[in-house]
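# Notes for the structure review
The residues making up each chain are set out below.
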Amino acid sequence: MTTALAHGLVLTLDPERTILRDGTVAFDEDGTIVAVGPSRETLASLRPGTEVVDCSRCVLTPGFVDAHAHLGEEVMRGLVPDAAPPDEWLPRWLLPAYAALTPEDERLSAELGIAQMLLTGTTTFCEAGTLLDWRSAADVVVETGIRGQLGRWAWDLPPEPAAMRRTTDEVLAACEDLVTGVRATGSARLTGAVILLGIGTASPALLTGAAALAGRLDAPLATMYASVAPEHGGTSLPLAALGEAGWLAPRTKLTHAVYVSEADVAELARAGVSVAHCPTAALRHVKGIHRHGLVPEMLAQGIPVALGGDSANGSNHLDVLRLMYLAATLYKDFRMDPTMVPPETALEMATLHGARALGLADEIGSLEPGKRADVVVFSTDHPEWRPLLHPVQNLVLTATDRSIESVWVDGRKVVDRGTLLTIDLPRLLERVDSAAAALLDRIGLQAPWTWPAR
Ligand SMILES: [Zn+2]
């Protein structure tokens, strides 16, 4: 049966950036968009028996893309003290917890992250390359109805924790196992990628091997790059070295990319590399984007700059609406220039650029015939949407998930007025609480609740 989301204000994000005042998005039973256009003619063109969903007084947008999300960390949200020194985050807090995760913990953690994403309009995510048992996360993607790209923990230099020590060959074999294993699931909503943790944890042989593997498998390639300030122990790999390892290619996505030069930006643009900008993680992790970030320059050069929610101890949420808000406002203040990153650009970053960064530009990112029906429907019967003088400003600068009426992925409704239709949320939250308590018990850590010195 064909379904038509009818009579909404539709932000299509098509090549002309068409905005339909009374528009309809129709898709068939397998979730392919078959028509987008003015309601009167579009509805007349559909076959009898079409299910018409009244979306009058609603704004429709393409589903959002979170291009960098650590699913396994969700179960440790709030573990790292707010003022912990940057060089302690991983060794003192996160690595002991990651090393102690069970496949069941990862499953619950993934489901918690996906629940937040779906409730806030994210219909596609790319895991950040920190899964230990990727099959748990793959199962959750299939069950919850979201679209996901997975990566697994991949490094070959750190000797600790012992349980996570890997040789170059083991890492490459594991990445190949993920990409081929994900394909073997046959789920059209799942893709795999070759993703390295990066930031000084990969040998030259792993960098070269990963790029070659991604090329051979025709899979996306990604790593965190130039992320940490030198004064906080950040080690930088010159872009030329990444190029020699085969990384300067359109399949590559670099996350953070704060410590790059204007010449690097030109080189990334020339090579067709995408960037994942994680504004909330940059702020909380004192990355120094106000001084060093070049997001406007990247955008001006045509680099796809996607948005990433990052992690439960560096963001601490996976809400693309809040990322869009920051993308559209931070650089205005950093540069004292109101022309920096218009809200329209922030919306493109959350949709089109995200799709391109995940290698999914033909499938998602806009509402156009032939693409997948990933749609967020906002109700404008809410203070944050009135008056409706400027729909994109209202969406990017004002809207929260409270006004989300429904979320559709692949033509299937997964959120209805704040209720997840594919996740038993009360049961999930209960299980997450006990899994987190047991995890902290096993590693002997507690998030300190002491008030900061006054
Ligand atoms: Zn990250």
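Report on the accompanying structure. (Residues numbered from 1 in each chain as written. Predicted model: local features only at pLDDT ≥ 70, side-chain atom pairs only at ≥ 80, totals over all residues. Heavy atoms only, no water.)

## What about empty space enclosed by the protein?
Space left empty within the atom packing is revealed by a probe, the size of a water molecule, rolled over the atoms. Tallied over the full model, the rule gives 3 cavities of 30 Å³ or more. If you add up the space inside the largest cavity, you get close to 40 Å³. Class assignment for the residues of the lining of the largest cavity results in 7 nonpolar, 3 polar and no charged. (1 Å grid on protein atoms, 1.4 Å probe; cavity = no way out; pocket = protein on both sides within 12 Å on 5 of 7 lines; lining within 4 Å. Points joined across faces, edges and corners; volume = space filled by probe spheres on them. Nonpolar A, V, L, I, M, F, W, Y, C, P; charged D, E, K, R; others polar.)

## A short note on the packing of aromatic side chains
Tallied over the full model, the rule gives 6 aromatic pairs. Geometrically, the ring pair formed by Tyr 98 and Trp 153 is edge-to-face, given 4.8 Å between the ring centres and 65° between the ring planes. Linking Tyr 98 in helix α2 (residues 89-99) with Trp 153 in the loop between β8 (147-150) and α5 (168-185), this pair joins segments that are 55 residues apart in sequence. Assessed through its relative accessible area of 1%, Tyr 98 is described here as buried. (Phe/Tyr/Trp six-rings, centres within 6.5 Å; stacked < 30°, edge-to-face > 60°. Helix = DSSP H or I, 4+ residues; strand = E, 2+ residues; numbered from the N terminus. Buried < 20%, exposed > 50% of the residue type's maximum accessible area, 1.4 Å probe, protein only.)

## Section: the sheet that holds β8
Ordered in space as β6-β7-β8-β9, the 4 strands form an open sheet in which the pairing is parallel. At either end of the open sheet lies a strand with only one pairing partner, and these are β6 (64-69) and β9 (190-192). Geometrically, the sheet is characterised by an average inter-axis angle of 15° between neighbouring strands, direction not taken into account. Across 3 bridges, strand β7 (residues 122-127) lies against β8 in parallel orientation. Bridge assignment links Thr 124 to a residue of β8, and that residue is Arg 147. On top of the sheet, helix α12 (residues 320-335) reaches β6 and β7; it is set at about 90° to β6, its chief contact. (Pairing = 2+ DSSP bridges. Axes fitted to C-alpha atoms, helices over the stretch in contact; angles between N-to-C directions. Contact = heavy atoms within 4.5 Å.)

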